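Listed below, chain by chain, are the residues.
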Amino acid sequence: MAVERTLSIIKPDATRRNLTGKINAKFEDGGLRIVAQKRLQLSKAQAEQFYGVHRERGFFNDLVSFMISGPVVVQVLEGENAILRNREIMGATNPANAAEGTIRKEFAESIEANSVHGSDAADTAAQEIAYFFSGTEIVG
């Protein structure tokens, strides 16, 4: 097994409801370490660039609007197989399909307002981490 890093975003629906600590406890209880973290308000340009891979999809504008609707917490999680582990802890994108005990099952409001984002692969994780953090901001 390999120690990996992955990007996590606690989305506006969760920060609005003051769930940052509860969500982070799930990551930490699941064996992941938070090695970088900051709370910020995404601009429209930042959200459009970050989610650019979805630009041609019908939900793109709604996604951007949602992600700029309030503050987010961006963070780097580290641990054994962190990408897969994070995705297991988050649960299925649609909270109706998420397993009991997962973040999305417990905290998501809808498929759109599903409380968290996580990188889906190693190359995506590296790109997403670099989008928000410089190397000196990540402290293992």
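Residues numbered from 1 in each chain as written. Predicted model: local features only at pLDDT ≥ 70, side-chain atom pairs only at ≥ 80, totals over all residues. Heavy atoms only, no water.

Can you help me understand the overall build of the chain in this one?
Scanning the chain for helices and strands turns up seven helices and four strands. Helices and strands in the chain line up, N terminus first, as β-α-α-β-α-α-β-α-α-β-α. Against the compact-globule benchmark of 14 Å for 140 residues, the chain has a radius of gyration of 14 Å, which places it among compact chains. For the C-alpha atoms alone, the extent of the chain along its principal axes is close to 40 × 35 × 25 Å. In the chain, of all internal contacts separated by at least 6 residues, the share reaching a separation of at least 24 is 77%. (Helix = DSSP H or I, 4+ residues; strand = E, 2+ residues; numbered from the N terminus. Rg over C-alpha atoms; globule rule 2.2 N^0.38 Å. Contact = heavy atoms within 4.5 Å.)

Would you explain the packing of aromatic side chains in this entry?
The geometry of two aromatic rings is summed up by the distance between their centres and the angle between their planes. Applying the stated criterion across every chain yields a total of four aromatic pairs. Between the aromatic rings of Phe50 and Tyr51, the centroid separation amounts to 4.9 Å while the plane-to-plane angle is 85°, which identifies the pairing as edge-to-face. Exposure class is identical for Phe50 and Tyr51. Each is buried. Between the aromatic rings of Tyr131 and Phe132, the centroid separation amounts to 4.9 Å while the plane-to-plane angle is 85°, which identifies the pairing as edge-to-face. (Phe/Tyr/Trp six-rings, centres within 6.5 Å; stacked < 30°, edge-to-face > 60°. Buried < 20%, exposed > 50% of the residue type's maximum accessible area, 1.4 Å probe, protein only.)

Explain the UniProt feature "active site" (unreviewed entry) in the chain here, please?
The positions UniProt marks with the feature "active site" (unreviewed entry) are His117. Summarising the element assignment, His117 is placed in strand E4 (residues 116-118). When residues no more than four places from it in sequence are discounted, the contact partners of His117 are Leu7, Ser8, Ile9, Lys11, Phe50, Tyr51, Met90, Arg104 and Glu128. (UniProt positions renumbered as here; feature names shortened; annotations may be inferred.)

Looking at this structure, how should I read the UniProt feature "binding site: ATP" (unreviewed entry) in the chain?
As annotated in UniProt, the feature "binding site: ATP" (unreviewed entry) corresponds to Lys11, Phe59, Arg87, Thr93, Arg104 and Asn114 in the numbering used here. Within the secondary structure, Lys11 is located in the loop between strand E1 (3-10) and helix H1 (12-16). Apart from residues no more than four positions distant in its own chain, Lys11 is found in contact with Tyr51, Phe66, Met67, Pro71, Val72, Glu112, Asn114, Ser115, Val116 and His117. By secondary structure assignment, the location of Arg104 is in helix H6 (residues 103-107). Excluding residues that lie within four positions of it along the chain, Arg104 makes contacts with Met90, Gly91, Ala92, Thr93, Pro95, Ala98, Asn114, Val116 and His117.

Honestly, helix H7 (residues 122-132) in this entry has me stumped. Any pointers?
Side chains that are three or four residues apart share a direction in an α-helix, a result of its 3.6 residues per turn. Thr124, Ala125, Glu128, Ile129 and Phe132 are the residues of H7 that are buried. Down the axis, H7 shows its buried residues gathered within 125° of arc, on one side only. Opposite the packed face of H7, turned more than 90 degrees from it, sit the exposed residues Ala122, Asp123, Gln127 and Ala130. If you follow the buried residues of H7, they end up packed against E1, strand E2 (33-40), helix H3 (44-50), strand E3 (72-80), helix H5 (82-90) and E4. (Arc of directions from axis to C-beta.)

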